[in-house]
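# Overview (structure and organization)
What follows is each chain in one-letter form.
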Amino acid sequence: MKIYELTETVEDSSMINRLANAIAKWMHKTEPAEHPVQTIGQMTGIKDTPLSKVKITFDYFDGDKAAEFHRERNLIVVNLNDWHEGDYATIAEYVAHELRHALDDVKFKGKHHVSYWAAQDRYQQPKNKDEPYWSKPSEINARVQQALHNVDYIKRDNPGASVQQLWPEIKDMLDQLKLTEYPGYQRIVKRVLAYAEQN
């Protein structure tokens, strides 16, 4: 079986966050109800990324998900039941989560769900075995993307603060995202801090 290497670069994470913020700002400006499907490039005007052709739409659906990525349709659906006018930072965080799934899928055409994750044992498994959904490495990776999105806001709200000064707030946020339960926690921290240290 061929081993696929997943390059989780600061540039990829920054691109995802830029798209997620642009989508959320579009929602804030447009106040969408149920909306026709369009590409992320059409919605945001950002057409030079691997995700620009991923489709996005808005709908009302039951459940506790703010957004969902449908791999078979290459489509992100944002749940308008979780949309609160003016709170585009929160919706952008969840859109960033789904964009990470979409980027993984674009890069590996779905094969990362078997070959990559099985071979790399990404971040291993959580200590709490009662939460199998949270333990999926692809879900851990997407929640790390949420964390990176939140780092941007922590830095914005604390101008001039060093990463060391921001660490207690970053650590609390990682706890809330259940990212401190894994044997590979230090690898997650390293990735988050590398992102936080960029300009």
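In what follows, the structure referred to is the one given above.
Nothing here was measured: the structure is a model prediction, and the numbers come from that model.

Right, let's get into the sheet that holds strand β1 (residues 35-39). The four strands lie next to each other as β1-β2-β4-β3, forming an open sheet whose pairing is mixed. At either end of the open sheet lies a strand with only one pairing partner, and these are β1 and β3 (67-70). Adjacent strand axes in the sheet meet at a mean angle of 20 degrees, parallel and antiparallel pairs treated alike. Looking at chain direction, β3 and strand β4 (residues 75-79) are connected through four bridges and run antiparallel. From the neighbouring strand, Glu 68 faces β4, where its bridge partner is Val 77. The sheet strands contacting helix α1 (residues 10-30) are β1, β2 (55-59) and β4, and the helix crosses β2 at an angle near 40 degrees.

Within the element layout of this structure, Thr 57 appears in strand β2. Considered as a pair, Thr 57 and Leu 75 are 18 residues apart in the sequence and their alpha carbons are 7.6 Å apart. If we ignore the near neighbours within four places in the chain, the residues touching Thr 57 are His 35, Pro 36, Val 37, Leu 75, Ile 76, Val 77 and Val 78.

This paragraph deals with the pairing of β4. In terms of residue burial, β4 counts as a mostly covered element, since five of its five residues are buried. Residues Leu 75, Val 77 and Asn 79 point to one face of β4 and Ile 76 and Val 78 to the other, with burial holding for every one of them. Taking the residues between adjacent antiparallel strands as the criterion, β3 and β4 are bridged by four residues, where Asn 74 takes a positive phi near 50 degrees.

Helix length check: helix α6 (residues 137-157), at 21 residues, gives a terminal C-alpha distance of 30 Å against a target of 30 Å (1.5 Å per residue), a fit within 8%. Counting buried positions over the 21 residues of α6 gives 17, a clear majority of the element.

What follows concerns the packing of α1 against helix α8 (residues 185-196). Put simply, α1 and α8 touch, their axes get as near as 10 Å, and they point 70 degrees apart. Looking at the two axes, α1 sits roughly perpendicular to α8. On the side of α1, the interface is formed by Val 10, Ser 13, Ser 14 and Asn 17, while α8 contributes Arg 191, Ala 194 and Tyr 195. Classifying every residue of the contact of α1 with α8 gives three nonpolar, three polar and one charged.

The next subject is the pattern of salt bridges. Going through the model one piece at a time under the given rule, you end up with three salt bridges. The salt bridge involving Asp 175 is made with Lys 171; its shortest N-O contact spans 3.2 Å. Of this pair, Asp 175 and Lys 171 both sit in helix α7 (residues 163-176), four residues apart, roughly one helical turn. Accessibility expressed as a relative area gives 32% for Asp 175, which makes it partly exposed.

Formed by 27 residues in total, the largest nonpolar core has its most connected members in Leu 51, Val 78 and Leu 99. Filtering out sequence-adjacent residues up to four positions away, Leu 99 remains in contact with Ile 16, Leu 19, Ala 20, Ile 23, Ile 40, Leu 51 and Ile 76. Judged by nonpolar contacts, the second largest core, of 20 residues, contains Met 173, Leu 174, Leu 177 and Tyr 182.

Rules of the game
- Residues numbered from 1 in each chain as written.
- Predicted model: local features only at pLDDT ≥ 70, side-chain atom pairs only at ≥ 80, totals over all residues.
- Heavy atoms only, no water.
- Pairing = 2+ DSSP bridges.
- Helix = DSSP H or I, 4+ residues; strand = E, 2+ residues; numbered from the N terminus.
- Axes fitted to C-alpha atoms, helices over the stretch in contact; angles between N-to-C directions.
- Contact = heavy atoms within 4.5 Å.
- Buried < 20%, exposed > 50% of the residue type's maximum accessible area, 1.4 Å probe, protein only.
- Expected span 1.5 Å × (residues − 1).
- Parallel < 35°, antiparallel > 145°, perpendicular 65-115°, else oblique.
- Nonpolar A, V, L, I, M, F, W, Y, C, P; charged D, E, K, R; others polar.
- Salt bridge = Lys/Arg side-chain N within 4 Å of Asp/Glu carboxyl O.
- Core = buried A, V, L, I, M, F, W, Y, C linked by side-chain atoms within 4.5 Å.

Such coordinate-based values are descriptive only and should not be taken to indicate function.
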